Amino acid sequence: MEPTVIDLIKQTGFIAKSVLLILLFFSIFSWAIIFYKWKIFKNMKKENQKFFDAFINSNGTKELFSLAKRFELSPIASLYRAVFAETQGRNPVNLDAIVKKYSSDEANKIESYLGFLATTGSTTPFIGLFGTVWGIMDAFRSIGIKGSASIATVAPGIAEALITTAAGLFAAIPAVIAYNYFTSQANKIINEVQDFSETLLKYPWQD
């Protein structure tokens, strides 16, 4: 019976197991972020559109402020709520600074957790590579100890090297793909926030 991947992992040494645990941590959190951001961005787009339609058809700032509370995931609704709360529905002289501050806050929320995906994509291949090098060193050490370069001698070290290499790529590839995709989606939503910010600067804040 041929050994399974699980069997090979069980046979790895302490260093290889540590590397695999680190890569597992990155992989699990990356996938959690991927599912979370996919759902959040989808709902952000829907709520942005609904709130903007309500904004166009609103009868006043206070009515719109109450309506904006329903769209908790919409960045433009959140921006409107923040600016309204700051200005109390009046048209202050520093409106430009207020709108810029809160639109920047919304942009940071939209881009949240993407940095972890970028870190995973750029770091995990090197962590896997460390395990690869260690496995090869282990294979050469076994050759030195046993004085033989047979398959049985080098197999454990080579197995460690291949498993950690594969694990590093398994963690990195989805993270890189997701980071590029979500960055594109985030930029689109941030552009919506910036466009809405320009609209708020011209908005008559008095009912």
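Residues numbered from 1 in each chain as written. Predicted model: local features only at pLDDT ≥ 70, side-chain atom pairs only at ≥ 80, totals over all residues. Heavy atoms only, no water.

Phe51 and Tyr80 are the most contacted members of the largest nonpolar core, which totals 38 residues. For this core, the elements supplying multiple residues, two or more each, are helix 2 (14-56), helix 3 (61-68), helix 4 (75-87), helix 5 (95-110), helix 6 (114-146) and helix 7 (151-201). Counting seven residues, the second largest nonpolar core, distinct from the first, contains Val19, Leu23, Ile127 and Ala167. (Core = buried A, V, L, I, M, F, W, Y, C linked by side-chain atoms within 4.5 Å. Buried < 20%, exposed > 50% of the residue type's maximum accessible area, 1.4 Å probe, protein only. Helix = DSSP H or I, 4+ residues; strand = E, 2+ residues; numbered from the N terminus.)

Checked against the element boundaries, Ser27 lands in helix 2. By relative accessible area, Ser27 is classed as buried at 9%. In contact with Ser27, other than residues within four places in its own chain, are Phe170 and Ala171. (Contact = heavy atoms within 4.5 Å.)

Going through the model one piece at a time under the given rule, you end up with 18 aromatic pairs. A ring pair is formed by Phe65 and Phe84, whose centres lie 4.5 Å apart and whose planes are at 20°; its orientation type is stacked. Of this pair, Phe65 sits in helix 3 while Phe84 is found in helix 4, placing the two residues 19 residues apart along the sequence. Each member of the pair, Phe65 as well as Phe84, is classed as buried. Linked through ring pairs, Phe51, Phe52, Phe55, Phe65, Phe71, Tyr80, Phe84 and Phe196 together constitute an aromatic cluster. (Phe/Tyr/Trp six-rings, centres within 6.5 Å; stacked < 30°, edge-to-face > 60°.)

A side chain of one charge can pair with a side chain of the opposite charge if their charged atoms are brought near each other. By the definition in use, this model includes three salt bridges. A salt bridge links Asp105 to Lys101; its shortest N-O distance comes to 3.6 Å. In this pair, Asp105 and Lys101 both sit in helix 5, four residues apart, roughly one turn of the helix. Looking at Asp105, the relative accessible area reads 29%, which means it is partly exposed. With its nearest N and O atoms 3.3 Å apart, the salt bridge here joins Lys109 to Glu106. Linking Lys109 with Glu106, this pair stays in helix 5, spanning three residues, or about one helical turn. The class for Glu106 is buried, based on a relative accessible area of 5%. (Salt bridge = Lys/Arg side-chain N within 4 Å of Asp/Glu carboxyl O.)

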